[in-house]
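For reference, the chains in residue letters:
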Amino acid sequence: MQFKRYCKTLSLANDPSLIEDYKKVHAKGQAWKEITEGMKEVGILDMEIYLHKNQLFMIMDTVADFNHEERMKELATKPRQSEWETFVSRFQVADADADADSKWELMERIYEIEQQEDYDALAGQVKEISKLQQTQEA
């Protein structure tokens, strides 16, 4: 079974207090329910966000037929999505009126163990679920 992976980056304001508050609003059970539901409805299977200093790195796994441009536009119309983006913009180096797609920049993969092919960041990287399962079982 296949899925697509997208990696994105975003900068936070370089303020330790704001960074701690940003972490709190993303802690277990703190993200707004409507935001998580909206992501799942557009085909986002899993999402992880990592922090280094004031730089965020997101790994977003989606359904295999995920069209990034279309689905991100759809996500922007989901309940409370624009409210969430405005709420978290106070932590980010971003315009308060910007949607998630405008804030989070796609990253280019430059290395992968046993890389089989190149891919366009906007198209997403097609991955095999079985490869993940084999890695976890080893």
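The structure presented is a predicted model; accordingly, all values stated were derived computationally and were not measured.

Caption draft 1: Region of the structure containing the pairing of strand β1 (residues 2-11). Counting buried residues in β1 gives eight out of ten residues, a clear majority hidden from the surface. Of the pairings in the sheet, the one linking β1 to strand β5 (residues 125-128) comprises four bridges and is antiparallel in character. Bridging across to β5, K4 finds its partner in V126. In terms of strand pairing, β1 meets strand β3 (residues 55-63) through nine bridges, oriented antiparallel. Following the sheet pairing, C7 is matched in β3 by I59. Strand direction decides the pairing type here: β1 and strand β4 (residues 105-106), joined by two bridges, are antiparallel. Paired with T9 across the bridge in β4 is E105.

Caption draft 2: Layout of the side chain of T62. Mapped onto the fold, T62 is located in strand β3. Ignoring anything within four residues of it in the chain, the contact list for T62 reads F3, K4, Y6, G43, I44 and L45.

Caption draft 3: Representation of the environment of G124 in the model. Looking at where G124 falls in the secondary structure, it is placed in the loop between β4 and β5. On a C-alpha basis, the gap between G124 and E34 in space is 25 Å, while along the polypeptide they are 90 residues apart. Non-local contacts of G124, meaning those with residues more than four positions away in its chain, are made with K4, R5, Y6 and Y119.

Caption draft 4: Molecular detail of the nonpolar core. Ranked by internal contacts, the top residues of the largest apolar core, which has 22 residues, are L12, Y22, I44, M60, F66 and W104. If you list the elements that add at least two residues to this core, you get β1, α1 (16-25), α2 (33-42), β3, α3 (68-76) and α4 (81-89). Apart from the residues within four sequence positions on either side, M60 is in contact with K4, R5, Y6, K8, I44, D46, M47, F66, H68 and M72.

Cut-offs applied
Residues numbered from 1 in each chain as written. Predicted model: local features only at pLDDT ≥ 70, side-chain atom pairs only at ≥ 80, totals over all residues. Heavy atoms only, no water. Buried < 20%, exposed > 50% of the residue type's maximum accessible area, 1.4 Å probe, protein only. Helix = DSSP H or I, 4+ residues; strand = E, 2+ residues; numbered from the N terminus. Pairing = 2+ DSSP bridges. Contact = heavy atoms within 4.5 Å. Core = buried A, V, L, I, M, F, W, Y, C linked by side-chain atoms within 4.5 Å.

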